[in-house]
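A look at the structure
Residues per chain, in single letters:
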Amino acid sequence: LLFDLDGFKAVNDSLGHSGGDEVLKVVADRLSKCLDEGWEAARLSGDEFAVLIPDGADPLQATAVAERAIRAIEEPILLRDQVTHISASVGIKLSDGNSSVEQMLRNADLALYDAKANGRGHARLFTHDLRRAANDRATTAMELQDAFEDGDLELYYQPQVRLRDGALVGAEALIRWNYPYRGVLSPAAFLPVLESGPLAVPVGNWILSTACRQAARWRAEGLSDFRIGVNLFAAQLRSPDFVETVVQTLAECGLPAEALELEVTENIILRKEGATISHLAKLRSMGVGIAFDDFGTGYASLTMLKEIAITRLKVDRSFVREIEWSGKDQAIVDAIARMAKGCDLTVIAEGIETEEQADLMRDYADEGQGYLYGRPMTARAFEEHHGL
Ligand code: C2E
Ligand code: CA
Ligand code: CA
Ligand code: CA
């Protein structure tokens, strides 16, 4: 059994000098009290503990002990007149008689990783599916590296129109992978691997420069006010030279800052990392647009609209889908529109598929995007579509 404390670093930071060590002592003590006869606990490193159980223990028993230990660890800890809460996640690998210790630890670690992916305070038993999924992720990561080097990644462009008169005002760039023999892969198939791996920043920079170059070309060819929307990975916004990269890209492409709109999601904004927020503020002050993507679907508090330099709300597709029948959706979209007006933000509606949806959304949003106006398409198709 591999135990790892959730959020230990934050607890350690808040308690100050050696406070973390005292918490670890309490945890080790509680852990040892939960163990059956003949079971042994050891601190592995940092905030990880291993519990060794005798051969022949059954999965139910091992899981039950892990759950019991998690509940014990979650009890409030009173230290230095301060109540501290900590929780733990557990990965379990039972011996199959022919695995080495290293293999067992690696597999327990996979189970632990899976437990953590499901939130705090869970125990997970290793299964071969986990190994398969990990191998798939590793394969996808390697293939992505190849695809990036071989030029198999491509940007598609989806038109954005002014709802009042249907005029084209810009496009959102969306990544696709031209996968040999399998056709075009949608981001859902590879984005999780891409955004959490070492390619996030290089691929993200490539997306930014490719999209900006394309936009500059289309502006020169007659779409004089054309604006391009580019989605960001969290890793890009966190990287210290992000502002510099954007400035340089705009200069190289000859694209004015106003013609670029960066799309950020709540996952990025919610982290409230100082660097991220100041990067956005700097870019905003240069004239770059900042759109809050998938607005209304997550946990962001409305205060964020004050704290973060946003210029536009993208009303999520889920509110548009049933807008014709759903009074609730209409009320929500109406409230978003009023709030945006008061905060000096513009609004764009995602996922408009029918004329009826467009008619209704005209009251609430300046612009729209969706299959009604065009699916995401290659640059070439985009040009044909708009007579360039
Ligand atoms: P998103 O930013 O919310 O992008 C909009 C998604 O909605 C796109 O899916 C688009 O194809 C789809 N869509 C647009 N109009 C309609 C419609 O009328 N009906 C329906 N049902 N769907 C519509 P896609 O291209 O599969 O992208 C999925 C997500 O992957 C994006 O969601 C975005 O979060 C991410 N993504 C895509 N390309 C990039 C990229 O270049 N960089 C980054 N960082 N993320 C990207
Ligand atoms: Ca940890
Ligand atoms: Ca987007
Ligand atoms: Ca969106």
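What follows concerns the packing of helix α4 (residues 101-117) against helix α5 (residues 128-150). Close contact between α4 and α5 brings their axes to 10 Å; oriented N to C, the two are set at 85°. On the basis of the axis angle, α4 is roughly perpendicular to α5. Where α4 abuts α5, its residues N107, L110, A111 and D114 lie against L130, R131 and A134. Of the residues belonging to the contact of α4 with α5, the class tally is four nonpolar, one polar and two charged.

Before going further, it helps to spend a moment on the domain arrangement of the chain. By domain assignment, the chain separates into domain 1 (2-126) and domain 2 (140-385). Here the C-alpha centroids of domain 1 and domain 2 sit 41 Å apart.

The immediate surroundings of ligand 1 are formed by 22 residues, with I175, P187, N231, G370 and Y371 found nearest. Of all elements in the fold, only β9 (168-179) and β13 (289-295) reach the threshold of two or more residues within the shell around ligand 1. At three residues, the largest contribution of residues to the shell around ligand 1 is made by β9. Considering only residue class, the shell around ligand 1 consists of twelve nonpolar, five polar and five charged.

The next point concerns unusual backbone geometry. Notably, D294 is not glycine yet its phi reads approximately 50°, a positive angle. Inspection of the secondary structure puts D294 in strand β13. Judged by local crowding, D294 falls into the partly exposed class, with 19 C-beta atoms found within 10 Å. A positive phi is found at D344, a non-glycine position, where the angle reads about 65°. Following the sequence through the fold, D344 ends up in the loop between α14 (327-342) and β15 (346-349). The class for D344 is exposed, based on 8 C-beta atoms found within 10 Å.

Another point: the pairing of β15. Judged from the four bridges that link them, strand β14 (residues 312-315) and β15 form a sheet pairing that is parallel. Looking at the pairing, V315 lines up with A349 of β15. Examined bridge by bridge, β15 and strand β16 (residues 367-369) share two bridges and lie parallel to one another. Counted as the bridge partner of I348 is E367 from β16.

About the criteria used
- Residues numbered from 1 in each chain as written.
- Chains lettered and ligands numbered in written order.
- Predicted model: local features only at pLDDT ≥ 70, side-chain atom pairs only at ≥ 80, totals over all residues.
- Axes fitted to C-alpha atoms, helices over the stretch in contact; angles between N-to-C directions.
- Helix = DSSP H or I, 4+ residues; strand = E, 2+ residues; numbered from the N terminus.
- Parallel < 35°, antiparallel > 145°, perpendicular 65-115°, else oblique.
- Contact = placed C-beta atoms within 7 Å.
- Nonpolar A, V, L, I, M, F, W, Y, C, P; charged D, E, K, R; others polar.
- Domains from an automatic or database assignment.
- Near = placed C-beta within 6 Å.
- Buried ≥ 20, exposed ≤ 12 C-beta atoms within 10 Å, placed from the backbone.
- Pairing = 2+ DSSP bridges.

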